[in-house]
Amino acid sequence: MRTQVAIIGAGPAGLLLSHLLHRAGIAGVVLENRSRATIEATIRAGVLEHGTVALLNATGVGARLAREGLVHEGIELRFGGAGHRIDFAALTGKAITVYPQHEVLKDLIAARLADGGDLRFSVADVRLEGVGTEHPRVHCTDAAGTALHIDCDFIAGCDGAHGICRQAMPEGVPREYLRIYPFGWFGILAEAPPSSHELIYARHDRGFALISTRTPTVQRMYFQCDPAEPAERWSERQIWDELQARTAATGFSLHEGRIFQRGVIAMRSFVCEPMAHGRLFLAGDAAHVVPPTGAKGLNLAAADVALLARALDAHYREGKRGPLEAYSAAALARVWRAQHFSWWMTSMLHRFDEATEFDRRRQLAELDLVVSSRAAATSLAEMYVGSPLA
Ligand code: FAS
Ligand code: PHB
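Not measured: the values here are computed from a predicted model.

A. The site of ligand 2, seen in detail. Close to ligand 2 lie 15 residues, the nearest being Tyr-201, Ser-212, Arg-214, Tyr-222 and Pro-292. Take Ser-212: an N or O atom from its side chain is 2.6 Å from an oxygen atom of ligand 2. A distance of 2.7 Å separates an oxygen atom of ligand 2 from a polar side-chain atom of Arg-214. For ligand 2, whose unbound accessible area comes to 280 Å², protein coverage reaches 97%. Elements that contribute at least two residues to the shell around ligand 2 include exactly β14 (199–203), β15 (209–215) and β16 (218–225). If one sorts the elements of the shell around ligand 2 by residue count, β15 sits on top with three residues.

B. The site of ligand 1, seen in detail. Taken together, 29 residues are adjacent to ligand 1, and Glu-32, Arg-34, Arg-44, Gln-101 and Asp-285 come closest. Pro-12 places a polar main-chain atom, nitrogen or oxygen, 3.2 Å from an oxygen atom of ligand 1. In the environment of ligand 1, an oxygen atom lies 2.9 Å from a nitrogen or oxygen atom belonging to the backbone of Ala-13. Of all the secondary structure elements, the ones that give two or more residues to the shell around ligand 1 are α1 (12–23) and α8 (297–318). Within the shell around ligand 1, the residues separate by chemical class into 15 nonpolar, eight polar and six charged.

C. Spatial organisation of the nonpolar core. Leu-17, Leu-31, Leu-128 and Val-138 are the most contacted members of the largest nonpolar core, which has 76 residues in total. Every residue in contact with Leu-128, bar those within four places of it in the chain, is listed here: Ile-8, Arg-137, Val-138, Ile-155, Ile-164, Cys-165, Ala-168 and Leu-280. Among the nonpolar cores identified, the runner-up in size contains 31 residues, and Val-47, Phe-88, Tyr-222 and Met-267 belong to it.

D. Geometry of the sheet that holds strand β3 (residues 47–48). Judged by pairing direction, the sheet is antiparallel, and its three strands sit side by side in the order β3-β7-β4 without closing on themselves. Because the sheet does not close on itself, it has two edges, and the strands there are β3 and β4 (70–72). Where β4 lies against strand β7 (residues 96–98), three bridges are found, and the strand directions are antiparallel. By the bridge assignment, Val-71 is partnered in β7 with Thr-97.

E. Representation of the packing of aromatic side chains in the model. The full count for this structure, using the stated rule, is 16 aromatic pairs. Ring geometry for Tyr-177 and Trp-336: centres 5.5 Å apart, planes at 80°, overall edge-to-face. With a gap of 159 residues between them, Tyr-177 in strand β13 (residues 175–191) and Trp-336 in helix α9 (residues 322–349) connect regions that are remote in the sequence. Judged by its relative accessible area of 35%, Trp-336 falls in the partly exposed class. Between the aromatic rings of Trp-185 and Phe-208, the centroid separation amounts to 5.3 Å while the plane-to-plane angle is 25°, which identifies the pairing as stacked. Of this pair, Trp-185 sits in strand β13 while Phe-208 sits in the loop between β14 and β15, placing them 23 residues apart in sequence. Judged by relative accessible area, Phe-208 falls into the buried class, the value being 0%. Cluster of aromatic residues (ring-pair linked, three or more members): Phe-88, Trp-185, Tyr-201, Phe-208, Tyr-222, Phe-341, Trp-344 and Tyr-384. Here the basic side chain of Arg-78 rests over the ring of Phe-252, its NZ or CZ set 4.0 Å away from the ring centre.

F. Representation of the sheet that holds strand β19 (residues 280–282) within the structure. The mixed open sheet is built from six strands, whose spatial order is β8-β2-β1-β12-β19-β18. The open sheet has two edge strands with one neighbour each: β8 (118–120) and β18 (276–277). With three bridges joining them, strand β12 (residues 154–157) and β19 adopt parallel strand pairing. Along β19, the bridge assignment pairs Gly-157 with Leu-282. Strands in contact with α1 are β1 (5–8), β2 (28–31), β8 and β12; relative to β1, the strand with the most contacts, it is inclined by about 160°.

Procedures and definitions
Residues numbered from 1 in each chain as written. Chains lettered and ligands numbered in written order. Predicted model: local features only at pLDDT ≥ 70, side-chain atom pairs only at ≥ 80, totals over all residues. Heavy atoms only, no water. Near = heavy atom within 4 Å. Polar contact = N/O pair within 3.5 Å; in protein donor to acceptor, adjacent residues only side chain to side chain. Areas by Shrake-Rupley, 256 points an atom, 1.4 Å probe, with all protein chains shown as cover. Helix = DSSP H or I, 4+ residues; strand = E, 2+ residues; numbered from the N terminus. Nonpolar A, V, L, I, M, F, W, Y, C, P; charged D, E, K, R; others polar. Core = buried A, V, L, I, M, F, W, Y, C linked by side-chain atoms within 4.5 Å. Buried < 20%, exposed > 50% of the residue type's maximum accessible area, 1.4 Å probe, protein only. Contact = heavy atoms within 4.5 Å. Pairing = 2+ DSSP bridges. Phe/Tyr/Trp six-rings, centres within 6.5 Å; stacked < 30°, edge-to-face > 60°. Lys NZ or Arg CZ within 6 Å of the ring centre and 35° of its normal. Axes fitted to C-alpha atoms, helices over the stretch in contact; angles between N-to-C directions.

As structure tokens, this is what we get:
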């Protein structure tokens, strides 16, 4: 078959790119190796930046988000047994929206199918060919076991942190930057009412904890743990005791309930430069991974594809090559700022076993500076709510 853009991966990057290209009249196909049901059930990110929400609304896929998303005008930083609110609305005039990633994917899949989009789930053996030529090709086997050979103008590598597109770049082209953290997050979903009307990021001598939410009856929480921690070894009582200890504060009670989902997420910072080679363009986790402390992962994917869709539109509609040639540098500028913010939030809030007493006191002083200086709090708020997308 022939198309204009072959998109590898149906996560936030691939599906949003497919949606934006359709709106620009650019034909494409999305090739995804997992099933639709698996995609729509995978629990991941929870926070949408102001710009991501604006993009989804502006392109006609924000109706359910507007109905069911939870608008949050701030977060709480908790340390030393006391809470300190970072007021996004007062400091930036913007807010974030808590709306689960898998719900965003459901909305995008529904919109693409309603628009007649070509989404191929459960494909296998995806292989790229000729990414450095003017006529790249993609080969794979579809869900029915039929071999697919796709001639296209461009390939969008939206296949996530463990995908294959990055490897399609010639040896020596990609430069990779990596930081692995000595801890992970133990994440749970529990049947319980919210314990707070905004997210709580808690720094504690036992380790970090995050109190987030999904709906009025389902809560999302995390606590710092060993990255190799076997999640199933913990009893529910042990999980709640750890979360209670790390979030304790005067007048606060953490509501408990049945834990129906649990898992440990490893933490790392990763960037691949450049994010493009020839006719291959990487977007989202295929090019960069951040620790979730700054809630940037999904939002960076959206920012990448907003830029890439605009560059592809300039190519097809105006014959301009410039925006495509500028894509990698433009995307990386945002990526590195988000990498810094995610690293900073992680280093400020987590326990480091090798930290000295000086490091501990300095970490607390940094938190104290952020919550007592309007300038410092504004800087955090601006990065957290995010800057406008292309
Ligand atoms: P994705 O990984 O979402 O999507 C890539 C898609 O490509 C997948 O569907 C995959 O099946 C498919 N694929 C891979 N290889 C393929 C191949 N060879 N052929 C075809 N398809 C292929 N971010 C936050 O901001 N907050 C969080 O709390 C948070 N929690 C996370 C928890 C987990 C367990 C993980 C893994 C990530 C989490 N993230 C979080 C980050 C996450 O939200 C990503 O940033 C986001 O999914 C990035 O979207 P994509 O770039 O589309 O990549
Ligand atoms: C979530 O709700 O899953 C979530 C929220 C904020 C983060 C990370 C995860 O920084």
